[in-house]
Amino acid sequence: MKELVINGRAIGMKHKPFIIAEMSGNHNQSLGRALEIVDAAAKSGVDALKIQTYTPDTMTLDLNKNEFLISNQESLWHGNSLYELYQKAYTPWEWHEAIFNRCKEHGIIGFSTPFDATAVDFLETLNVPLYKIASFENTDLPLIRKIAATGKPMIISTGMATIAELAETAQVAKEAGCAELILLKCTSTYPASPENSNVITIPHMRDLFDCQVGLSDHTLGVGVAIASVVLGATVIEKHFTLARSDGGVDAAFSLEPSEMQLLVTETERAWQALGKISYGATEKELASLRFRRSLYVVEDMKQGDIFSANNLKAIRPGLGLLPKYLEKFLGKKVNCDVLKGTPLNWELLC
């Protein structure tokens, strides 16, 4: 499996998970808050911060009727038109450079999800090091080609895409110039539930597409992300905010700083725990072997006394013979005087 290196940060199974904080619209239309989010994300230990590059007019039409209204009563955004939602959520393009510069100051990677060709052209002027394709755009093949032609790494959320759609997307990306592709398992509900996350797909997707894989996670908490690391995820993306109580279009399923810090810590621990296939005592466990049970003489014995269940027992520590040898001694004579607390050995047997 090919590893990737982005701005000096390696991505692959030999390296701790690459953690992305997604700002989305949680800046609440305040550049000051956006920069505070960058600061908090960096302090939390993330590797990268992502924003989104679009305008309401590049996303939809300014219509307040029919399919342009969000009518699903279970949606966080019920009652808004699509245009109104994107007005609230979009990141003004004149903020991008300041946000990316703040990322550089903290030593984390700043990048974006473009939603159309004009956004790609704009982001190229800012020399972003990689691109992300949102799950709802992963079948937009002209956009895929446009981004692939930059030659930069591309992260694609899989969302609702079928295997056939993903295969076509991956093929188009590679043929158009993308040599470094990462696929993120993603459930396109907001928030998503653990039951609908299906992270067992991650190793299957890695084997099927022969690329780095990860998780774009819209669930609450960090459990699903940790599970995905165990299954081979090398990239984790989570929405991020300063405080859910501040509101914001994505606040309800975003992590707060202490939770993001927990995510960084616990996903690294999960990665460290993978290790290798191993049986028997590790180097660190060797000292603990002495605390296994073993056979000991538990009463003073004279030469010629008979070993029995009363004078021979399996106890701790582990300096005597293994308990499995007990039957070899029962009913046999001891060949010398033995004190209580002597570890059993073959030399004591007549």
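Residues numbered from 1 in each chain as written. Predicted model: local features only at pLDDT ≥ 70, side-chain atom pairs only at ≥ 80, totals over all residues. Heavy atoms only, no water.

**Q** I keep staring at the pattern of salt bridges and nothing clicks. Help me out?
**A** For the coordinates displayed, the defined rule picks out 12 salt bridges. For the salt bridge of Lys146 with Asp121, the shortest nitrogen-to-oxygen distance reads 2.8 Å. Highlighted residues: Lys146 in helix α6 (residues 141-148) and Asp121 in helix α5 (residues 117-125), separated in sequence by 25 residues. Here Asp121 falls in the partly exposed class, since its relative accessible area comes to 39%. Taking the shortest distance from any N to any O, the salt bridge between Arg244 and Glu259 comes out at 2.7 Å. Placement of Arg244 in the loop between β10 (235-239) and α10 (257-274) and of Glu259 in helix α10 is noted, with a sequence separation of 15 residues between them. Here Glu259 falls in the partly exposed class, since its relative accessible area comes to 23%. Where salt bridges share partners, they join Asp39, Arg102 and Glu105 into one cluster. (Salt bridge = Lys/Arg side-chain N within 4 Å of Asp/Glu carboxyl O. Helix = DSSP H or I, 4+ residues; strand = E, 2+ residues; numbered from the N terminus. Buried < 20%, exposed > 50% of the residue type's maximum accessible area, 1.4 Å probe, protein only.)

**Q** Mind showing me how you'd approach helix α1 (residues 31-44) here?
**A** Spacing of three or four residues puts side chains on the same side of an α-helix, whose turn is 3.6 residues. Here α1 contains 14 residues, and its C-alpha end-to-end distance of 20 Å stays within 8% of the 20 Å for a straight helix at 1.5 Å per residue. Downstream of α1 by one or two residues, Gly45 has phi in the positive range, about 100 degrees. (Expected span 1.5 Å × (residues − 1).)

**Q** How do you make sense of the side chain of His27 when you look at a structure like this?
**A** Turning to its location among the elements, His27 is positioned in the loop between β3 (18-22) and α1. Excluding residues that lie within four positions of it along the chain, His27 makes contacts with Arg33, Ala34, Ile37, Ala89, Tyr90, Thr91 and Trp95. (Contact = heavy atoms within 4.5 Å.)

**Q** Whenever I open this one, helix α3 (residues 82-89) confuses me. Can you help?
**A** Those residues of α3 that sit buried are Tyr83, Leu85, Tyr86 and Ala89. The arc enclosing the buried residues of α3, seen along the axis, measures out at 160 degrees, which places them on a common side. (Arc of directions from axis to C-beta.)

**Q** Even after reading the chapter, I still don't get the pairing of strand β5 (residues 109-114), so can you show me in this structure?
**A** Across a regular strand the side chains alternate sides, sitting on one face of the sheet and then on the other. β5 sits mainly inside the fold: 6 of its 6 residues count as buried. Of the two faces of β5, the one lined by Ile109, Phe111 and Thr113 and the one lined by Gly110, Ser112 and Pro114 are each fully buried. Where strand β4 (residues 48-53) lies against β5, 6 bridges are found, and the strand directions are parallel. By the bridge assignment, Thr53 is partnered in β5 with Pro114. (Pairing = 2+ DSSP bridges.)

**Q** Would you take a moment to explain the packing of aromatic side chains for this structure?
**A** The way to describe two aromatic rings as a pair is by their centre distance and the angle between their planes. A complete count under the given rule lists 6 aromatic pairs for this structure. An angle of 80 degrees between the planes, with centres 5.7 Å apart, marks the rings of Tyr54 and Tyr86 as edge-to-face. With a gap of 32 residues between them, Tyr54 in the loop between β4 and α2 (56-59) and Tyr86 in helix α3 connect regions that are remote in the sequence. Look at Tyr54 and you get buried, because its relative accessible area is 2%. Since its relative accessible area comes to 19%, Tyr86 is described here as buried. Ring centres 5.2 Å apart and planes at 80 degrees place the aromatic pair Tyr54 and Phe115 in the edge-to-face group. In this pair, Tyr54 sits in the loop between β4 and α2 while Phe115 sits in the loop between β5 and α5, placing the two residues 61 residues apart along the sequence. (Phe/Tyr/Trp six-rings, centres within 6.5 Å; stacked < 30°, edge-to-face > 60°.)

Keep in mind that these numbers describe shape and distance, not what the molecule does.
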